[in-house]
Amino acid sequence: MVRQLITVDEISRSFGAVDVLKDISFNVDEGDRIGVVGHNGSGKTTLLNTISNRNQDLGDIEFSDGLRIAYLTQIRDIDDEASIEEELARKGRQFFELEEEIKSIEEQMGKPEFYDGEWQPILDRYAELQQMLASSGGANVAGRARSILKRLGLGHHPLNMKVNSLSGGERAKLALARQLVGLDGIDVLFLDEPTNHLDIETTEWLEGFLLEFPGAMMIVSHDRYFLDKVCNRIIEIENQMVWQYNGNYTEHLRQKIASEAALGDMIATVEKKIKSTLGALQHMKRNNKYDKSISAKHKMLERLQRQRKALKARVPQKRKAMRFNLESVDKASMDVLELKGVSKRYDGLEKAILKTVDLSISKGQRIGLVGGNGSGKTTMLKMINGDEEVTAGKLEVSTGVVLGYFHQDHRTLDFGLNPVQQIQRLRPDMDYGEIRAALGRFQFAKEQVDTKLADLSGGERARVALLKLLLEDNNMLLLDEPTNHLDVDAKESLEEALSEYEGVIMTVSHDRWFLDQVVDWVLELKEGSIKMFRGNYSNYVSNR
């Protein structure tokens, strides 16, 4: 019989007057690898925090006896001023409960009266806890974490190097290495956006690690490819409620379409019965049939109306979709870009980023750039855009090519402006109403359009940067991690728009699902060299 680890029974969670979760119920059983999905702000992280801390406002959360939980939070919890060695030695949350219980028993053992009672079971528990701590690496967190760090490709850095000297991707790997120590004996692992800032190679390593992890999991992620690889159940949060599906992310999409279609049929059937019952009641009243049969019809009508209300409550309310209108400026010739013997080297780095690279790009090509962190993907885009000089060789952008550049750090935005002012600066020909309408299509509410970009979230700034890009005239898009901070709905809208774009696309992305939908060539950057593969990301994986 499958062991039930966590029971969530009709829980609700609110913040002030805002309801985030309402009447949520589900179980977490042994073997479950549950992906938690939903748009930004739907309550995914709140769900994990509420279960982990059992701080729901209403309802019940029950843990099985002796349940141990580890939580890899979205906030990477890194001390910037620490050295790599000091950071690796910090223990994750999974050790806290063990060490607290050990400390409590040791305090009891220090009192003479302890030995007057039934002390043997407590000592047995103490020995068990010590064994669990040792087997999970609690006595050597730094050593275990260093081993993981080497497997993630960061073993070459000196241990006395400061954390603030690492890149964003390297810091994510460091946090991941430390957090993955001590999972032996963990029953349920919570992960909140575990693939954020990881390159594809590291994400694939993490997928293998999690597939071998024997415990259950709940994973919040916008990485659809990752969810397909790892999960066997999906919970979607929508309108404060949860919708459960068996299978991975792709299977959840198939089931969702089928269930929503069936729901419409069920509502139509009930409404037909209500109409029929109302007709029968009116006929009885006209004929003065006020007996038991009319009372039964009234009860039937009430029951059908309750049924209709319950079914309609299950219909997911659709958010207003983001609408893109990507149009490219026409370019007559087929030649777009050519690199001849291009090399790129940075002062202080032993190895060149690119070494005598040759590359030709033609009209209509849609290219995804892949490679590990530091392989030169963003550098390639910057050189094409003219932000970086080539060290050697020749890079030519053909006459008539108009570039549009999406920076992953949104540096094209002025953070001192609000969204309306940002668009006004770009397009002074647009009046206020037109700008508000454009921002509305990008899911900006009235109160957000007057907020400075510095005070908006990463996802909100990304949407402004995308709108800015779409309002520019271009026929070649350079996209550096365009899906970062976007929820699944926004990603799907962007994918649809890019699929209709007639210009050239060069995109750096760790989002393998996005690459599958958008590109027809993959450019692999590795150890200073490049190699082109025809097809999308899945084709590339099959042929590399």
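An account of the accompanying structure is given in this report. Just so you know, these numbers come straight off a predicted model, no measurement behind them.

1. Overview of the pattern of salt bridges
- Under the counting rule described, the total for this entry stands at 17 salt bridges.
- Connected through salt bridges with shared partners, the residues Arg224, Lys491, Glu495 and Asp511 form a single ionic network.

2. What to know about unusual backbone geometry
- Here aspartate 23, not a glycine, exhibits a phi torsion of approximately 55°, which is positive.
- Mapped onto the elements of the fold, aspartate 23 is located in strand β2 (residues 18-29).
- One non-glycine residue, glutamate 527, adopts positive backbone phi at about 50°.
- For glutamate 527, the location among the structural elements is in the loop between β17 (521-526) and β18 (529-534).
- Residue glutamate 527 is classed as exposed on the basis of its relative accessible area of 67%.

3. Some thoughts on helix α15 (residues 488-500)
- The end-to-end C-alpha separation of α15 is 19 Å, in line with the 18 Å expected for 13 residues at 1.5 Å each.
- Looking at α15, one finds that the buried residues are Val488, Ala490, Lys491, Ser493, Leu494, Glu495, Ala497 and Leu498.

4. Brief notes about the sheet that holds strand β7 (residues 216-220)
- In space, the six strands of this open sheet follow the order β5-β6-β7-β3-β8-β9, with mixed pairing throughout. Of all the strands in the sheet, the pair left with one neighbour each is β5 (69-72) and β9 (241-246). Going from strand to strand, the sheet's axes swing by 15° on average, the running direction of each strand aside.
- One ladder, built from four bridges, connects strand β3 (residues 33-37) with strand β8 (residues 233-238); its direction is parallel. Counted as the bridge partner of glycine 35 is isoleucine 234 from β8.
- Each of β3, β8 and β9 touches helix α9 (residues 249-286); the most contacted strand, β9, lies at about 115° to it.

5. Overview of the side chain of serine 12
- Note on placement: serine 12 falls in strand β1 (residues 4-15).
- Among the residues examined, serine 12 registers a relative accessible area of 9% and is labelled buried.
- Separated by 3.1 Å, the side chain of serine 12 and the backbone nitrogen of aspartate 23 make a polar contact.

6. Brief notes about the nonpolar core
- Counting 79 residues, the largest nonpolar core has Leu180, Leu189, Leu206, Leu210, Met217, Ile219 and Leu498 as the members making the most contacts within it.
- Considering each element in turn, this core owes the most residues, eight residues, to helix α14 (residues 458-471).
- Excluding its chain neighbours within four sequence positions, the residues that come into contact with isoleucine 219 are Ile34, Gly35, Val36, Leu191, Pro194, Leu210, Phe226, Leu227, Val230 and Cys231.

7. Thoughts on the packing of aromatic side chains
- Tallying each qualifying case throughout the model produces six aromatic pairs.
- Note on tyrosine 71 and phenylalanine 190: the rings are 5.7 Å apart at their centroids and 80° apart in plane angle, and the pair reads as edge-to-face. One end of the pair, tyrosine 71, is in strand β5; the other, phenylalanine 190, is in strand β6 (residues 188-192), with 119 residues separating them in the sequence. An identical accessibility class is assigned to tyrosine 71 and phenylalanine 190; each is buried.
- Each ring, one from phenylalanine 533 and one from tyrosine 540, has its centre 5.0 Å from the other, and the planes form 75°; the classification is edge-to-face.
- In this structure an aromatic cluster arises from ring pairing among Tyr225, Phe533, Tyr537 and Tyr540.
- In this arrangement the basic side chain of arginine 54 is found over the ring face of phenylalanine 63, its NZ or CZ atom lying 4.0 Å from the centre.
- Its end group placed over the ring of phenylalanine 444, arginine 463 keeps NZ or CZ at 4.8 Å from the ring centre.

8. Structural notes on the sheet that holds strand β10 (residues 335-344)
- Strands sit in the order β11-β10-β13 across an open sheet of three strands; the sheet is antiparallel. Strands with a single pairing partner mark the edges of an open sheet, and in this sheet they are β11 (354-362) and β13 (392-397). The mean inter-strand angle of the sheet, taken between neighbouring strand axes irrespective of direction, is 10°.
- As judged from the five bridges shared by β10 and β13, these two strands associate in the antiparallel manner. Bridging from a neighbouring strand, lysine 340 pairs with lysine 394 of β13.
- Contacts between helix α11 (residues 377-385) and the sheet are confined to β10, β11 and β13, with β10 contributing the most and set at about 120° to the helix.

What counts and how
Residues numbered from 1 in each chain as written. Predicted model: local features only at pLDDT ≥ 70, side-chain atom pairs only at ≥ 80, totals over all residues. Heavy atoms only, no water. Salt bridge = Lys/Arg side-chain N within 4 Å of Asp/Glu carboxyl O. Helix = DSSP H or I, 4+ residues; strand = E, 2+ residues; numbered from the N terminus. Buried < 20%, exposed > 50% of the residue type's maximum accessible area, 1.4 Å probe, protein only. Expected span 1.5 Å × (residues − 1). Pairing = 2+ DSSP bridges. Axes fitted to C-alpha atoms, helices over the stretch in contact; angles between N-to-C directions. Contact = heavy atoms within 4.5 Å. Polar contact = N/O pair within 3.5 Å; in protein donor to acceptor, adjacent residues only side chain to side chain. Core = buried A, V, L, I, M, F, W, Y, C linked by side-chain atoms within 4.5 Å. Phe/Tyr/Trp six-rings, centres within 6.5 Å; stacked < 30°, edge-to-face > 60°. Lys NZ or Arg CZ within 6 Å of the ring centre and 35° of its normal.

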